[in-house]
Amino acid sequence: MQSGERVYLNGEIVPYAEAKISVEDRGFNFADGIYEVVRVAGGAPFRAADHLDRFENGARALEIELPFTREQVSDAILETIRANDIDEGTVYVQLTRGAARRAHAFPEGVRPTLVMLARPYSGLAAAVRESGVGVATLPDLRWGYCEVKTIGLLPNVMAYQRSHDEGSYEAIMIRDGVVTEGSHTSAFCVRREKVFTHPIDNILPGITRKHVIASLRAQGIEVEETAVTMEEFRAADEIFITGTTLTVLGVVRIDGEPVGSGKPGKLTQLAMQLYDRDYDAARAEAQKRRQLGQVSD
């Protein structure tokens, strides 16, 4: 925790030590809530519109009635960034159904709890991006609402911890013999210069995933959203994972065995370059707007 860190809590910016939530908040009792992690580029949220879309879709899926507008959430994200003087970093946004006496049924007349934390983050070390990482495959034991970014992440946490204990960077999850996604990443593989990734069917609609697909297609690279078996995935020429904080990262080992040449491949490097291009452009634009005294969204 930074000295002087500020937290957004239900419409107010408060000191970290004073940010209190009820012991009967349904996020605490039932994991009844959603979240977003938004990168900050040049003091402004990166790809905010996509994150807000997913945030609103998640609230609808869980039938949480929002007592605030999209614009108010966007303004709160900016307020939290500025209160913590973040130039490069992340904003964690969490929404729960709110606090009520513990019972399974949705409570009536309860106001949702909205919390935001903004912290500095400058990205992965260049050496990690250049060398790539190893992953472990594990069974996908999650529930049937993986398209909603809920705070109920225990199966993801356990899969990640298992992979970490085995010396791997990430867990790649397998459901019915098919690769779905990572514990906190989207998974891609390359076979004969063609990119494959699981369709949005009980997996998270990753924001970075979406833009990597669009960017590669704009470069004339064929990307197919289709189920890939574990055997096909293991035999791929390249594997890479994507996410808000790690951006695009090459996978060079899977369950201890090398992937392709054992180094991040050509299309993996292209995806990384395209991401960096967009992030750097957004950062430069945000800095320019700040210098001109304009509000950035």
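The numbers attached to residues start from 1 for each chain and follow its sequence in the written order. Where totals are concerned, whole chains, interfaces and linings use all residues; where local detail is concerned, this predicted model gives features only for residues with pLDDT of at least 70, and gives and counts side-chain atom pairs only at 80 or more. Computation of side-chain values covers all heavy atoms of the structure but excludes hydrogens and water.

K.L.:
Just checking my understanding: could you explain the layout of surface pockets for this structure?
P.N.:
Picture a little ball the size of a water molecule; that probe, rolled over the atoms, points out where space is still empty. Put simply, the largest pocket is a space of about 620 Å³. Lining the largest pocket we find 32 residues, and of these Tyr35, Lys149, Ser183, His184 and Leu204 sit closest to its centre. Comment: elements are numbered from the N terminus, with helices defined as DSSP H or I runs of at least four residues and strands as E runs of at least two. Listed by contribution, the elements that provide at least two residues to the lining of the largest pocket are strand E3 (33-41), helix H5 (154-165), strand E9 (178-182), helix H6 (207-218) and strand E14 (238-243). Here the lining of the largest pocket gets four residues from one element, more than from any other, and that element is H5. When its residues are assigned to classes, the lining of the largest pocket shows 13 nonpolar, 14 polar and five charged. Estimates place the volume of the second largest pocket at around 290 Å³. The way it works is a 1 Å grid over only the protein atoms, where trapped points that fit a 1.4 Å probe form a cavity and open points with protein on both sides within 12 Å along at least five of seven lines form a pocket, and then any residue with an atom within 4 Å of a point lines it. Residue lining of the second largest pocket: 14 residues in total, with Asp32, Leu62, Arg97, Phe106 and Trp143 positioned closest to the centre. When residues are grouped by polarity, Ala, Val, Leu, Ile, Met, Phe, Trp, Tyr, Cys and Pro land in nonpolar, Asp, Glu, Lys and Arg in charged, and all others, Gly among them, in polar. When the residues that make up the lining of the second largest pocket are grouped by side-chain class, the tally is seven nonpolar, four polar and three charged. Grid points are joined across faces, edges and corners, and a volume is the space filled by probe spheres set on the points.

K.L.:
Is there a simple way to explain the packing of helix H2 (residues 48-61) against H6 in this structure?
P.N.:
The description of two packed helices rests on the angle between their axes and on the distance between the axes. The axes used here are C-alpha line fits, helices contributing only the stretch in contact, and every angle between their N-to-C directions lies in the interval 0 to 180 degrees. Viewed as axis vectors pointing N to C, H2 and H6 meet at an angle of 130°, and their least axial separation amounts to 10 Å. By the angle between their axes, H2 is oblique relative to H6. Crossing of H2 against H6: the hand is right-handed. Facing Asp50, His51 and Arg54 of H2, the residues of H6 in contact are Ile207, Lys210 and His211. Broken down by class, the residue content of the contact of H2 with H6 amounts to one nonpolar, two polar and three charged. Roughly parallel means an angle under 35 degrees; roughly antiparallel means over 145; roughly perpendicular covers 65 to 115; every other angle is labelled oblique. Take the far helix as your reference; a near helix turned counterclockwise from it by less than a right angle gives a left-handed crossing, and one turned clockwise gives a right-handed crossing. The contact criterion used throughout is that any non-hydrogen atoms of two residues lie within 4.5 Å.

K.L.:
So what exactly am I meant to see when it comes to a nonpolar patch on the surface here?
P.N.:
On the surface, a cluster of nonpolar side chains totalling about 320 Å² of accessible area is made up of Leu154, Val157 and Met158. Structurally, Met158 can be placed in helix H5. Residue exposure (1.4 Å probe, protein chains only): buried if accessible area is under 20% of the type maximum, exposed if over 50%, otherwise partly exposed. Residue Met158 is classed as exposed on the basis of its relative accessible area of 55%. Only residues whose relative accessible area exceeds 30% and that form no salt bridge enter a patch; like-charged residues are grouped when within 9 Å of one another, and nonpolar side chains (Val, Leu, Ile, Met, Phe, Trp, Tyr) when within 5 Å. Calculation of accessible area relied on Shrake-Rupley with a 1.4 Å probe; when residues are assessed, cover is drawn exclusively from the protein chains displayed. The term salt bridge refers to a pairing of a side-chain nitrogen on Lys or Arg with a carboxyl oxygen on Asp or Glu at a separation within 4 Å.

K.L.:
Even after reading the chapter, I still don't get the environment of Val259, so can you show me in this structure?
P.N.:
Within the fold, Val259 resides in the loop between strand E16 (257-258) and helix H8 (266-291). Here Val259 falls in the buried class, since its relative accessible area comes to 2%. For the pair Val259 and Phe233, spaced 26 residues apart in sequence, the C-alpha separation works out to 9.5 Å. In contact with Val259, other than residues within four places in its own chain, are Ala236, Asp237, Glu238, Ile239, Val251, Val252, Arg253 and Ile254.

K.L.:
Would you explain the environment of Ala236 in this entry?
P.N.:
Position of Ala236 among the secondary structure elements: in the loop between helix H7 (230-234) and E14. Ala236 sits in the buried class, given a relative accessible area of 5%. Separated by 91 residues in sequence, Ala236 and Tyr145 place their C-alpha atoms 28 Å apart. Leaving out residues up to four positions away in the same chain, Ala236 has contacts with Cys189, Val190, Arg191, Val259 and Gly260.

K.L.:
Explanation requested: helix H3 (residues 70-83) in the structure shown.
P.N.:
Structural remark: α-helix, 3.6 residues per turn; residues separated by three or four positions point the same way. Residue count minus one, scaled by 1.5 Å, sets the expected span of a helix. In a regular helix each residue adds 1.5 Å, so 14 residues correspond to 20 Å; H3 covers 20 Å between its end C-alpha atoms and thus fits that length. Among the residues of H3, Val73, Ser74, Ala76, Ile77, Leu78, Thr80 and Ile81 are the ones counted as buried. Just downstream of H3 lies Asp85, where phi reads positive at about 50°.

K.L.:
Would you explain the sheet that holds strand E2 (residues 12-15) in this entry?
P.N.:
Two orientations exist for strands paired in a sheet by backbone hydrogen bonds: parallel and antiparallel. What makes two strands pair is DSSP finding at least two bridges between them. As summarised here, the arrangement of the six strands in space is E2-E1-E6-E5-E3-E4, forming an open sheet in which the pairing is antiparallel. Pairing within the sheet leaves two strands with one partner each, and these edge strands are E2 and strand E4 (44-45). In this structure, strand E1 (residues 6-9) lies alongside E2, joined through four bridges in antiparallel fashion. Note on E2: the bridge partner recorded for Arg6 is Pro15. Its contacts with the sheet put H2 on E3, E4, strand E5 (88-96) and strand E6 (113-120), and the angle it makes with E3 is roughly 175°. Contacting E3, E4 and E5, H8 runs over the sheet at an angle of about 75° to E3.

K.L.:
I keep staring at the nonpolar core and nothing clicks. Help me out?
P.N.:
In a soluble, globular protein the nonpolar side chains are often hidden away together inside. Nonpolar core, defined: a set of buried Ala, Val, Leu, Ile, Met, Phe, Trp, Tyr and Cys residues in which side-chain atoms within 4.5 Å join the residues together. Core analysis: the biggest nonpolar cluster contains 21 residues, and Ile77, Val91, Leu95, Leu114 and Met116 have the highest contact counts within it. At the level of elements, E3, H2, H3, E5 and E6 are the ones that each hand at least two residues to this core. With four residues, H3 is the largest single contributor of residues to this core. What Leu95 contacts, discounting residues up to four positions off in sequence, is Asp32, Gly33, Ile34, Phe55, Ala59, Ile64, Leu66, Phe68, Pro112, Thr113 and Leu114. Counting residues in each nonpolar core, the second largest holds 19 residues, with Phe46, Ile213, Leu216 and Phe240 among its members.

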